[in-house]
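# Examination of the molecular architecture
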Amino acid sequence: MVSSLIIALQLLYPLDRALPFSRLNGQSVSLQPYEKLAERIDRYFAESNVTLAAGDSLKISFAPGEAGIHPDLDMTVMRLTDYPVWQRLIPLSIFFVWPDVHSVDVQASATKQEVFVDTVLPKLNTLPQDAGLSIVEGNLQMKDDVPGTLVTKGDLQKALASARFGLVTTTIVVPSEALSAEKPSSYFDAVKHQAEAVIALPITIDVEEEVVTPSHSDIASWLAVGEDDHKQAMLTINDTALDVYLKTLQDKHTTAAGQTNITRVDGRETARVEGVPGRTIDVANLRQQVVSTLLTTKEPTLSAHFVAVEPTVVINRKYTSSQAGLQAYVSDQAATRNVRISVQQIGGSGWKAGARETETTVSASTYKLYVALMLFDKMDQGEITWDTPILG
């Protein structure tokens, strides 16, 4: 009699209410009607987050509605209310049905999902990034390679269609192909070890009585990474940084030369005061030593050699009022400028002088002088006047 009563009560349990021990997203929804259940499911799903994962680290998050995905409320509520007749006929079975729903049955808009796939697919496809080795501000910096990712449109569509969507978060792993970088980290292994060995060298430069010790940061700044003819990484020289360092060292140890003053009158030297020679580091020689040490890691003790610096020469030119003075002046002008000069004195002593006067050159605008002379001659002869039109 008691069993029959229990079965009768179970048969009368409302079809649209959650079972007594039902839980939705970890919270009790006991006895709640369809409308409230649907409202809660809809709210949870609207606030949920979906993540597409491709490869080892590529992730894109979005709201499910962006992909045209919406909850199938009827199917999801049914998982909380489903109590079939055969089960109701078992006495006390209602106490052994514990629905616990954390996922959602969904429906998808094909058109909106197609647009979503076309939009997100380029973001899932990435090109591989090569590894890199560089020297920045005197520090050796290694950048690891990053594999690329290749995802097909079909695989993305299948992943979305087969995904089980959670009430709060969903991660969908999209099948992808890893694309290897052309230059992996191993590409730089040899040159990295070489650079580390060079930077650790105790390089010293003997500058007469002084010993100059470049810092490891200085040494690192002299290095660069390049490629050889076989496209293999190789250690090269940062010419700019090395030249700046050597120039600074040279300036510090240079004795400036004096000035030689020469007086010339009409092109002939008449007096000379010799300047004192200077001296400076032979940078070309020292540079060669540094480069050899950097590229071979041998002989870290270098020696700076000195070379003489000739005095600067200042010529004080003077010219007399004579044909010799005129010729000297013309010769000096032609020697320092791109000019050809020929001078002939019409009256007086008939002085003349020339420099490069036998060389031909383009007349350019000087021809206008001869055109003007011809026109003035015609005016003197009465053939034309100032008002005569010139055609041509």
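Look up: the structure comes first, before these words.
Attention in this report is confined to the structure presented alongside it. This is a predicted model, so every value here is computed, not measured. (Residues numbered from 1 in each chain as written. Predicted model: local features only at pLDDT ≥ 70, side-chain atom pairs only at ≥ 80, totals over all residues. Heavy atoms only, no water.)

Before going further, it helps to examine the overall build of the protein chain. Per the secondary structure count, the protein chain includes twelve helices and 26 strands. Expected size for 392 residues packed as a compact globule is a radius of gyration near 21 Å; at 47 Å, the protein chain overshoots this value by more than 25%. Projected onto the principal axes, the alpha-carbon positions of the protein chain cover approximately 160 × 85 × 35 Å. Expressed as a percentage of the 392 residues in the protein chain, the buried residues total 31%. (Helix = DSSP H or I, 4+ residues; strand = E, 2+ residues; numbered from the N terminus. Rg over C-alpha atoms; globule rule 2.2 N^0.38 Å. Buried < 20%, exposed > 50% of the residue type's maximum accessible area, 1.4 Å probe, protein only.)

A word on the sheet that holds strand β2 (residues 27–28). Strand order in the open sheet made by the three strands is β2-β1-β6, with mixed pairing throughout. Whereas interior strands pair on both sides, the edge strands pair on one side only; in this sheet they are β2 and β6 (100–101). (Pairing = 2+ DSSP bridges.)

For strand β17 (residues 223–227) and strand β18 (residues 233–237), the ladder comprises five bridges, and the chain directions are antiparallel. By the bridge assignment, L223 is partnered in β18 with I237. Where β17 hands over to β18, the hairpin turn is made up of five residues, of which K231 adopts a positive phi near 65°.

Glancing now at the packing of helix α5 (residues 110–124) against helix α6 (residues 153–162). As a packed pair, α5 and α6 sit with axes 10 Å apart at the nearest point and diverge in direction by 120°. One element, α5, and the other, α6, form an angle in the oblique class. Two packed elements cross with a definite hand, and for α5 against α6 that hand is right-handed. Within the contact between the two elements, α5 uses Q113, E114, F116, V117, D118, V120, L121 and L124 and α6 uses K153, L156, Q157 and L160. (Axes fitted to C-alpha atoms, helices over the stretch in contact; angles between N-to-C directions. Parallel < 35°, antiparallel > 145°, perpendicular 65-115°, else oblique. Left-handed = near helix turned anticlockwise from the far one by under 90°. Contact = heavy atoms within 4.5 Å.)

Let us look at the pattern of salt bridges. The full count for this structure, using the stated rule, is 17 salt bridges. Residues K183 and E227 are paired through a salt bridge, measuring 2.6 Å at the closest nitrogen-oxygen approach. Here K183, found in the loop between β14 (177–179) and α7 (189–199), pairs with E227, found in strand β17; they are 44 residues apart in sequence, far enough to count as distant. The class of K183 is partly exposed, set by a relative accessible area of 22%. Overall, the relative accessible area of 34% leaves E227 in the partly exposed class. A salt bridge links D239 to R287, with the nearest nitrogen and oxygen atoms 2.6 Å apart. With D239 in helix α9 (residues 239–252) and R287 in helix α10 (residues 283–296), this pair connects stretches of sequence that are 48 residues apart. (Salt bridge = Lys/Arg side-chain N within 4 Å of Asp/Glu carboxyl O.)

Here the focus is helix α2 (residues 34–46). Its 13 residues place the ends of α2 18 Å apart at the C-alpha level, agreeing with the 18 Å of an ideal helix rising 1.5 Å per residue. Among the residues of α2, L37, A38, R40, I41, Y44 and F45 are the ones counted as buried. Seen from one end, α2 has its buried residues packed into an arc of 165°, which puts them on one side. Away from its buried face by more than 90 degrees, α2 exposes E35, E39 and A46. (Expected span 1.5 Å × (residues − 1). Arc of directions from axis to C-beta.)

Turning to the nonpolar core, a few remarks are in order. Ranked by size, the top nonpolar core spans 34 residues in total, and within it L24, L52, L124, L156, L160 and I172 carry the most contacts. Put simply, the parts of the chain that give this core at least two residues each are α2, β3 (49–54), β4 (58–62), α3 (73–81), α5 and α6. Contacts of L24, omitting those with residues within four sequence positions, involve V29, R40, I41, Y44, L80, V101 and L167. Listed in part, the 31 residues of the second largest apolar core include V191, V198, L201 and I203. (Core = buried A, V, L, I, M, F, W, Y, C linked by side-chain atoms within 4.5 Å.)

What follows deals with the layout of surface pockets. Roughly 200 Å³ of internal volume is contained in the largest pocket. Taken together, 14 residues form the lining of the largest pocket, with D56, S57, P147, G148 and T149 sitting closest to its centre. When contributions to the lining of the largest pocket are tallied by element, the ones reaching two or more residues are β11 (148–150) and β14. Grouping the constituent residues of the lining of the largest pocket by class yields six nonpolar, six polar and two charged. (1 Å grid on protein atoms, 1.4 Å probe; cavity = no way out; pocket = protein on both sides within 12 Å on 5 of 7 lines; lining within 4 Å. Points joined across faces, edges and corners; volume = space filled by probe spheres on them. Nonpolar A, V, L, I, M, F, W, Y, C, P; charged D, E, K, R; others polar.)

By way of backbone hydrogen bonds, the strands of a sheet pair with one another, either parallel or antiparallel. Spatial strand order, β4-β3-β13: three strands in an open sheet with mixed pairing. Bordering the open sheet on either side are β4 and β13 (169–173), each of which pairs with just one other strand. Looking at each pair of strands side by side, their axes are set apart by 20° on average, direction ignored. The pairing of β3 with β4 spans five bridges and is antiparallel. The residue of β4 that forms the bridge with A53 is K59. Docked against the sheet, α5 engages β3 and β4, running at close to 150° with respect to β4. Packed onto the sheet, α6 meets β3, β4 and β13 and runs at close to 145° relative to β13.

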